[in-house]
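Close look at the chain arrangement
Next come the chains, spelled out residue by residue.
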Amino acid sequence: MDTNYSNYLSYLCSQVNSDIFTMKNKHISTQSNELLTYFNSMDKKCFDYTQAQKALPESKPSAIRELLSDMTKRGLLMRLKEGVYNIIPYEANAETFMPDWHLIAEHLVNDAKHYIGYYSALQIHNLITQPSLKEQIVVSKQIRPSEISIKNVPFQFIYHNEKHFFGAKKMWIDSFNKVLCSDMEKTFIDCLFKPDYAGGIVEVAKAIYTSKGKIKYETLLDYIKKFDSQAVIKRLGFLLETLDIKNNIIDKLQKLKTASYVVLDTELPKTGKRISRWSIQQNLETETIKSAIYT
């Protein structure tokens, strides 16, 4: 074999080996490589300290903690919160890398049941008109703090008691990944319950109007009875009539409602005319709602 060609082959091999062990200048030790190989073989991008111990059973706890800290400093891992890490892909810049918000939500809730809800759920259902600025996660247990920041992205944990915690399903967010998210009908109920978590009542109204042909109204009614909130009943009834969405659910909502008044939009002052048919204090003009939808 020609000496120059042989030298060239050796050079190429050294470059391949260099890439494998440096990840674009990210030095990988033997233990780092072992850890990454373990999780990559399971196609697992996110893991916690306990899982790292299983990956390196021969290592002492203190050594694993030091390794994880070191890998984070060298741009191999991203620390999401205490004891929870995300693997930074080969080609990514550690300074700017941010995993998909929806995909890391489940790794932030400890042992609580959860689903992605409110405005974040509206986004997954392709029902928002403004970009989402935070990730909202409904949880079955109180999590403190109720909001954390990861790379300047807020992750908000919204507690629902057992009575209000239902209606979630796995939904595709891209060609490869599913996440636990409130279904369309439960998303609307949650958003009507707390419109301020969903961008305001106008955003909720737009989402309902856009989905009027897809909503499973019997499911929606079942959920309303289970959720048992007068605010949801009254806001939904008022919006369905205001948006001229004709469905026999309206008569059933009328039978469920009480006489006490609730405000239409929780973000606005408690002013405006009282609509006795739905026991709504209309603190937002009808024209404001309609113009946002029809224009």
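For the structure, check the block above.
Everything in this summary refers to the structure shown in the same document. (Residues numbered from 1 in each chain as written. Predicted model: local features only at pLDDT ≥ 70, side-chain atom pairs only at ≥ 80, totals over all residues. Heavy atoms only, no water.)

1. Topic: the sheet that holds strand β12 (residues 280-282)
Here we have three strands laid out as an open sheet, ordered β10-β12-β11, and mixed in their pairing. Two strands in the sheet have a free side with no partner beyond their single neighbour: β10 (262-263) and β11 (273-275). As judged from the three bridges shared by β11 and β12, these two strands associate in the antiparallel manner. For Arg274, the partnering residue across the bridge sits in β12 and is Gln281. Against the sheet, helix α10 (residues 230-242) engages β10, β11 and β12, with an angle of about 55° to β12. (Pairing = 2+ DSSP bridges. Helix = DSSP H or I, 4+ residues; strand = E, 2+ residues; numbered from the N terminus. Contact = heavy atoms within 4.5 Å. Axes fitted to C-alpha atoms, helices over the stretch in contact; angles between N-to-C directions.)

2. Concerning the packing of helix α7 (residues 184-193) against α10
In contact at an axis separation of 9 Å, α7 and α10 are set at 105° when each is read in the N-to-C sense. On the basis of their axis angle, the class for α7 and α10 is roughly perpendicular. In this structure, α7 contributes Ile189, Leu192 and Phe193 to the contact, and α10 contributes Val232, Arg235, Leu236 and Leu239. (Parallel < 35°, antiparallel > 145°, perpendicular 65-115°, else oblique.)

3. Considering the sheet that holds strand β1 (residues 46-48)
As summarised here, the arrangement of the three strands in space is β1-β3-β2, forming an open sheet in which the pairing is antiparallel. The strands lining the two open edges of the sheet, one partner per strand, are β1 and β2 (77-81). Sheet twist, expressed as the mean angle between neighbouring strand axes with direction ignored, is 30°. Bridge count between β1 and strand β3 (residues 84-87): three bridges; the pairing is antiparallel. Bridge pairing in β3 places Asp48 opposite Val84. Relative to the sheet, helix α2 (residues 30-41) contacts β1, β2 and β3, its axis offset from that of β3 by approximately 80°. Where helix α4 (residues 61-73) meets the sheet, its contacts fall on β1, β2 and β3, and the angle it forms with β2 comes to roughly 110°.

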